[in-house]
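Examination of the molecular architecture
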Amino acid sequence: MKGKGYAKTFRILSMYDRLNRGQIINKNQETTAFNVDEKTVRRDIEDLRTYLADANLNHSNGSLSICYDKKLNGYVLSGDNSVWLTNEEVLLIVKIVLESRALPREELNQLLDKIMLQCIPEEREHIKKVILNERYHYVPVNHGQPLGERIWQLSYAVREHRLVDIEYQKIGHPTAVKRMIEPVGIIFSEYYFYLIGYIAGYGYEFPAVYRLDRIKNFVVTDSHFYIPDAQRFEEGEFRKRVQFMHPGSLMRIQFRFWGPSLEAVLDRLPTAKVLSIDKGSALIEAEVFGRGIKMWLLSQAQYLEVIKPEDFRAEMKQTIQAMLNNYN
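Attention in this report is confined to the structure presented alongside it. (Residues numbered from 1 in each chain as written. Predicted model: local features only at pLDDT ≥ 70, side-chain atom pairs only at ≥ 80, totals over all residues. Heavy atoms only, no water.)

Moving on to the sheet that holds strand E5 (residues 192-199). Here we have five strands laid out as an open sheet, ordered E6-E5-E4-E3-E7, and antiparallel in their pairing. Since the sheet does not close on itself, it has two edges, and those belong to strand E6 (208-211) and strand E7 (215-224), each with one partner. Ignoring strand direction, the axes of neighbouring strands in this sheet form an average angle of 45°. Bridge count between strand E4 (residues 177-189) and E5: eight bridges; the pairing is antiparallel. Bridged to Ile186 within E5 is Leu195. (Pairing = 2+ DSSP bridges. Helix = DSSP H or I, 4+ residues; strand = E, 2+ residues; numbered from the N terminus. Axes fitted to C-alpha atoms, helices over the stretch in contact; angles between N-to-C directions.)

In structure tokens form, the structure reads like this:
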């Protein structure tokens, strides 16, 4: 049989949990809910205040304390810089997750429900109503594979510099290929998660890209690999230069653009610089990987002309001519 000690523990944990979620602790409501007097509730609050002080929660993320708010007629958890998500932040995250389309529906629903638990019940219902239509009509990408556990295991391999033995299914190939990979990063882009890594023993200058859902099997081995600090892979720098996760060779290009939104071009290509603007035409230079950038440049239709390098300009002309021949 559960005694008074359990009742007190449950009561205090309940208060702390609700305070963390941004709820207000009202003495009168607490006395009714737990069948105790106001003195007991005040004592519980003091115990929580002592815990916050003794636990040394005054860390870099902010200083937390329990205060009485006269306007709200109750106790609230406050801090210089709260470590908990606000209602607005929860809604932002939920919207981004829905737009990504990256997760199977079951994995998506589990994630959304957990994120929304950060909100108090009233605000949680508001967010549920705001996203109701998007959630109902959510269409995930076709692979249908759960990704959470896979991403976690591979992120461990990246951090610990462990070789990973993978079995990878390429597009258009009837059988999977086996590779021993030196994993250096995991990136999300254009609906999919990717493992970035060097093929062990090949000495390639740039890493290969493997879509996570196409990795049929993998084993994180006990063997370690070494990459000097000077050659350390930087996911942020890689992301600036790659389009559609098609790396190719790194090169510096120049092109003229006279489309309606120069801002959109600069947002798309973080390494881009405007060299000059003349009569509505902008001369732009950017450092990019070749295969993916070609796909994006072609998407700009008649609003763009590649200037340099010459061999890449010639390649663009050949591709455009081949496209034109499809309509002859």
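Negative phi is the rule for most residues except glycine; trans is the rule for most peptide bonds. Residues Lys308 and Pro309 are joined by a peptide bond in cis, for which omega reads -5°. Notably, His161 is not glycine yet its phi reads approximately 55°, a positive angle. Secondary-structure assignment places His161 in the loop between helix H7 (148-160) and strand E3 (162-168).

For the rest of this paragraph, the subject is the side chain of Arg11. Position of Arg11 among the secondary structure elements: in helix H1 (residues 4-20). According to the relative accessible area criterion, Arg11 is buried, its value standing at 8%. Apart from the residues within four sequence positions on either side, Arg11 is in contact with Phe34, Val36, Thr40 and Asp44. (Buried < 20%, exposed > 50% of the residue type's maximum accessible area, 1.4 Å probe, protein only. Contact = heavy atoms within 4.5 Å.)

Here the focus is the sheet that holds strand E11 (residues 304-308). Sheet architecture is open: four strands sit in the order E9-E10-E8-E11, paired in antiparallel fashion. The sheet is open, and its two edges are formed by strand E9 (273-278) and E11, each paired on a single side. Each neighbouring strand pair of the sheet contributes to a mean axis angle of 30°, computed without reference to strand direction. Pairing of strand E8 (residues 250-257) with strand E10 (residues 281-289), which is carried by eight bridges, proceeds in the antiparallel orientation. Pairing of Phe257 across the sheet is with Ala282, part of E10. The strands that helix H11 (residues 310-325) touches are E8 and E11; relative to E11, the one it contacts most, it runs at about 145°.

A word on the pairing of E5. For a regular strand, side-chain orientation follows a simple rule: the groups alternate between the two sheet faces. E5 sits mainly inside the fold: seven of its eight residues count as buried. Count of turn residues in the E4/E5 antiparallel hairpin: two residues, of which Glu190 carries a positive phi of about 50°. Sheet analysis places E5 next to E6, joined by four bridges and oriented antiparallel. Residue pairing in the sheet places Gly197 in a bridge with Ala208 of E6.

Time to look at the pattern of salt bridges. According to the stated counting rule, one finds 19 salt bridges in the structure shown. One salt bridge in this structure joins Glu160 and Arg159, with 2.9 Å as the shortest N-O distance. Beyond isolated ion pairs, a larger network of salt bridges with shared partners links Glu237, Lys240, Arg241, Arg252, Glu285 and Glu287. (Salt bridge = Lys/Arg side-chain N within 4 Å of Asp/Glu carboxyl O.)

Below, the discussion takes up the packing of aromatic side chains. Using the criterion set out here, one finds eight aromatic pairs in the structure. On the numbers, 5.0 Å between centres and 85° between planes, the contact of Tyr168 with Tyr210 is edge-to-face. Pair noted here: Tyr168 is in strand E3 and Tyr210 is in strand E6, with a separation of 42 residues, a long-range link. Taking relative accessible area as the criterion, Tyr168 reaches 8% and is therefore assigned buried. Here the aromatic rings of Tyr192 and Tyr194 are separated by 6.5 Å at their centres, their planes lie at 80°, and the arrangement is edge-to-face. The ring of Tyr191 is capped by Arg101, whose NZ or CZ atom sits 5.2 Å from the centre of that ring. Here Arg211 stacks its cationic end above the ring of Tyr192, 3.6 Å away from the centre of that ring. (Phe/Tyr/Trp six-rings, centres within 6.5 Å; stacked < 30°, edge-to-face > 60°. Lys NZ or Arg CZ within 6 Å of the ring centre and 35° of its normal.)

Turning our eyes to something else, we now look at a nonpolar patch on the surface. Where nonpolar side chains cluster on the molecular surface, the patch consists of Leu266, Val274 and Ile277 and spans about 240 Å² of accessible area. Accessibility expressed as a relative area gives 31% for Leu266, which makes it partly exposed. (Patch = residues over 30% accessible without salt bridge, like charges linked within 9 Å, V, L, I, M, F, W, Y side chains within 5 Å. Areas by Shrake-Rupley, 256 points an atom, 1.4 Å probe, with all protein chains shown as cover.)

This part takes up the environment of Ser276. Following the sequence through the fold, Ser276 ends up in strand E9. Given the relative accessible area of 31%, Ser276 is considered partly exposed. In the structure, Ser276 is positioned 37 residues away from Arg239 in sequence and 25 Å away in space, judged by C-alpha atoms. Leaving out residues up to four positions away in the same chain, Ser276 has contacts with Ser281, Ala282 and Leu283.

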